[in-house]
Amino acid sequence: MAETGTLKKLTGNKEFAREEHITFFNANITSVDENGIVYGTTPEWVPFGEDNDELTRELNNEVESKNNVLGKTSIKHSKGAQTTEIDPVVVRGNDVLSTILYNMFKYDLVGDKATLQCMEVTLADKQTDGSYGAFTESAVVDLKSWGGDTSNLQSPITLNWKGNKEHGTFNPTTKAFTKITEA
């Protein structure tokens, strides 16, 4: 198990490629209807990003700087609402994300009814057992539009992170997330 309260160094001596930080969603969906998304008991992690050359979590922190009469600067820095834009999302047949988004569109799902379980994994955070540092977090999916140009059917989304991170590790062999439960 990874330790908490210690500085965890990233492995290697090179620049990391973008594909070494992966955002996944839980594809084990048993139903989606006007009541929202229902998950099965064991998560099935599928990566976002098939059509994207950029996928970034925006931190949106608030920073306020002001000078006082003594010439000193004070900084107020607070956490913002974190988001991730995924655009485009091309709608495909036999694709779990496309099915979820279609049903969100069909049933006008918003708020908690439109919440996806997600996980972020950093391959540069390799653990001694071969797993990688990871965390899960829920995101409310804001379906931006449904349609697109003449090239294909698209449904871009924004993930609005709920702030309920659970830290742990992801084993690429078993495809399982293990929550860190000890300090």
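Coordinates for the structure precede this section.
Residues numbered from 1 in each chain as written. Predicted model: local features only at pLDDT ≥ 70, side-chain atom pairs only at ≥ 80, totals over all residues. Heavy atoms only, no water.

S.K.: Give me the overall build of the chain: which residues, what numbers.
M.R.: Scanning the chain for helices and strands turns up one helix and 13 strands. Each helix and strand of the chain, placed in order from N terminus to C terminus, yields the pattern β-β-β-β-β-β-β-β-α-β-β-β-β-β. Among the 183 residues that make up the chain, the fraction classed as buried is 36%. At a minimum sequence separation of 6, the contacts of the chain that also span at least 24 residues come to 58%. A total of about 11,500 Å² of accessible surface is found on the chain, and carbon and sulfur atoms cover 49% of it. (Helix = DSSP H or I, 4+ residues; strand = E, 2+ residues; numbered from the N terminus. Buried < 20%, exposed > 50% of the residue type's maximum accessible area, 1.4 Å probe, protein only. Contact = heavy atoms within 4.5 Å. Areas by Shrake-Rupley, 256 points an atom, 1.4 Å probe, with all protein chains shown as cover.)

S.K.: Outline the pattern of salt bridges, listing residues and values.
M.R.: Counting across every chain of the model gives eight salt bridges. Ionic pairing is found between Arg92 and Glu50, a salt bridge with its closest N-O pair at 3.6 Å. Pair noted here: Arg92 is in the loop between strand S8 (83–86) and helix H1 (96–106) and Glu50 is in the loop between strand S4 (45–47) and strand S5 (57–58), with a separation of 42 residues, a long-range link. Residue Glu50 is classed as exposed on the basis of its relative accessible area of 65%. Linking Asp142 and Lys144 is a salt bridge whose minimum nitrogen-to-oxygen distance equals 3.0 Å. We classify Asp142 as partly exposed; its relative accessible area is 33%. Note on Lys144: relative accessible area 46%, which makes it partly exposed. What you see here is one network of salt bridges that share partners, running through Glu50, Asp51 and Arg92. (Salt bridge = Lys/Arg side-chain N within 4 Å of Asp/Glu carboxyl O.)

S.K.: So what's going on with the nonpolar core? Residues and values would help.
M.R.: Ranked by internal contacts, the top residues of the largest apolar core, which has 23 residues, are Phe25, Phe48, Leu116, Ile157 and Leu159. The set of elements that each furnish at least two residues to this core consists of strand S2 (29–33), strand S3 (36–39), H1, strand S9 (115–126), strand S10 (132–143) and strand S11 (157–161). Ranked by residues supplied to this core, first place goes to H1 with four residues. Discounting residues that sit within four places of it in the chain, Ile157 has contacts with Phe48, Thr84, Glu85, Ile86, Val89, Leu101, Val141, Asp142, Leu143 and Lys144. (Core = buried A, V, L, I, M, F, W, Y, C linked by side-chain atoms within 4.5 Å.)

S.K.: Any details on the environment of Val89? Residues and values, ideally.
M.R.: Take Val89: it is sitting in the loop between S8 and H1. On a C-alpha basis, the gap between Val89 and Glu50 in space is 8.2 Å, while along the polypeptide they are 39 residues apart. Non-local contacts of Val89, meaning those with residues more than four positions away in its chain, are made with Asp51, Leu97, Leu101, Leu153, Gln154, Ser155, Pro156 and Ile157.

S.K.: Can you lay out the environment of Lys76 for me, pointing to particular residues and giving the numbers?
M.R.: Residue position: Lys76 is located in strand S7 (residues 73–78). When its relative accessible area of 56% is taken as the criterion, Lys76 is described as exposed. Separated by 13 residues in sequence, Lys76 and Val63 have C-alpha atoms that sit 5.7 Å apart.

S.K.: Pulling in residues and values, what's your account of the pairing of strand S12 (residues 166–171)?
M.R.: In terms of strand pairing, S10 meets S12 through five bridges, oriented antiparallel. Looking across to S12, one finds that Tyr132 is bridged to Phe170. When S12 meets strand S13 (residues 176–179), the two strands line up antiparallel, connected through four bridges. Note that in S13 the partner of Phe170 across the bridge is Phe177. From the end of S12 to the start of S13, which pair antiparallel, there are four residues, and Lys175 there has a positive phi angle of about 60°. (Pairing = 2+ DSSP bridges.)

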